[in-house]
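# Chains, contacts and geometry: an overview
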Amino acid sequence: MQRQQFKLITLNVGRGLSGIDRIITFLREQQADVLCLQDISADHIASFPGVFGPSMHFVPMCRHHFRGLGHVPVGVGIFSRFPLASTSAHAYVGNIQPVLDIDGVTYGENGAAAPTDLDLVRKTESRVAVFANVQLPDNVQVRVGTTHGVWTPGGKADEHQRKATRLLRNCMNEQLIDGGLIAGDFNAATGGEIYGIIAGSEHYQSVMPGSITNTVDWEVRGKKGPELVVDHVFAAHVAVPEVAAHFGVSDHAALSAIVRV
């Protein structure tokens, strides 16, 4: 049987604060088959099936306050041109339900949330990995996952992040043991302690090329910062011959990947 090939894009949309229309335009131009989104608000979800078709798996991690809308669920999701044969969600911080209003943050004029009490943030948010078995042509299935990892101030690891990341790695091991991939914003810079926990698996490996040295879009953020690869693609028993970074879309670079099953 000939290998199936599809195009995947992963992107932290930053709740659409940098411009949801720009994101939608980029995705239409890319013509991907599968999309992994992080930090997506529920009021934007209806925009994405129009680009990718009706198949989607969205799981909120908390509710953020949006001016004029009140508290809106925000989380992670998988969208696909192909049917989703099955889906699952796994909380490694908090719970899948109930979805809580996030506390311990203040909102700027542009709607960006700034943590003021990290303990309150962590008590009211969940961190979730979602997976879907994507049904490709010729009765071929591939497991695709996404997540948005635990954030820490200045990227300095603490025990909460370490514990959560070990649980995430265990989940990834279980879900990818028979093959598949997971792509998303792990909040774990390549070469750092937290990245080492995630990458320390016998079941999957990073497929990020060395040519990608940064995935934070400092220009969109309007400030300067260090080169950090915090968005990643990990795969097991599937070929990912190409991964590319695209800037000017959100406050993170979008990653596109060619996947062969």
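Quick note: structure is the one above.
All residue numbers refer to position in the chain's written sequence, counted from 1. Where totals are concerned, whole chains, interfaces and linings use all residues; where local detail is concerned, this predicted model gives features only for residues with pLDDT of at least 70, and gives and counts side-chain atom pairs only at 80 or more. The basis for every side-chain value is the complete set of non-hydrogen atoms in the structure, without hydrogens or water.

## Let's talk about the packing of aromatic side chains
Any aromatic ring pair is given by two values, namely how distant the centres are and how the planes are angled relative to each other. To keep things clear, this is the line we draw: Two aromatic rings, drawn from Phe, Tyr or Trp (for Trp, its six-membered ring), form a pair once their centres lie within 6.5 Å of each other, and the interplanar angle then sorts them: stacked below 30 degrees, edge-to-face above 60, tilted otherwise. Secondary structure follows DSSP: runs of H or I at least 4 residues long count as helices, runs of E at least 2 residues long count as strands, and numbering of each begins at the N terminus. The classification of residues rests on relative accessible area computed with a 1.4 Å probe and restricted to protein chains. Under 20% of the type maximum is buried, over 50% is exposed, and intermediate values are partly exposed. Only lysine NZ and arginine CZ atoms are considered, and such an atom sits over a ring when it is within 6 Å of the ring centre and within 35 degrees of the ring normal.
Applying the stated criterion to the full structure yields 3 aromatic pairs. Pairing Phe 186 with Phe 234 gives two aromatic rings, centres 5.3 Å apart and planes at 85°, and the pair type is edge-to-face. Here Phe 186 is found in the loop between strand E10 (180–185) and helix H5 (193–199), whereas its partner Phe 234 is found in strand E12 (residues 231–236), with 48 residues between them in sequence. Across the pair, Phe 234 and Phe 186 agree in class, each one buried. Ring geometry for Tyr 204 versus Phe 234: centroids 5.6 Å apart, planes at 75°, classification edge-to-face. Taken as a pair, Tyr 204 in the loop between H5 and strand E11 (205–206) and Phe 234 in strand E12 lie far apart in primary sequence, 30 residues in all. For Tyr 204, a relative accessible area of 4% corresponds to the buried category. The aromatic ring of Trp 218 is capped on one face by Arg 221, whose charged end is 5.4 Å from the ring centroid.

## Overview of the sheet that holds strand E13 (residues 239–246)
Note the following rule: Here, strands pair whenever DSSP counts at least two bridges between them. Angles shown run from 0 to 180 degrees and are taken between the N-to-C directions of axes, each axis being a line fitted to C-alpha atoms and, for helices, limited to the stretch in contact. The contact criterion used is simple: two residues touch if any of their non-hydrogen atoms lie within 4.5 Å.
With mixed pairing, 6 strands are arranged side by side in an open sheet as E3-E4-E2-E1-E14-E13. Among the strands making up the open sheet, the edge pair consists of strand E3 (55–66) and E13. Recorded for the sheet is a direction-independent mean angle of 15° between the axes of neighbouring strands. Across 6 bridges, the pairing between strand E1 (residues 5–12) and strand E14 (residues 254–260) is antiparallel. Its bridge partner being in E14, Leu 8 is matched across the sheet by Ala 257. Together, E1, strand E2 (34–41), E13 and E14 form the strand contacts of helix H1 (residues 20–30), whose direction differs from that of E1 by roughly 165°.

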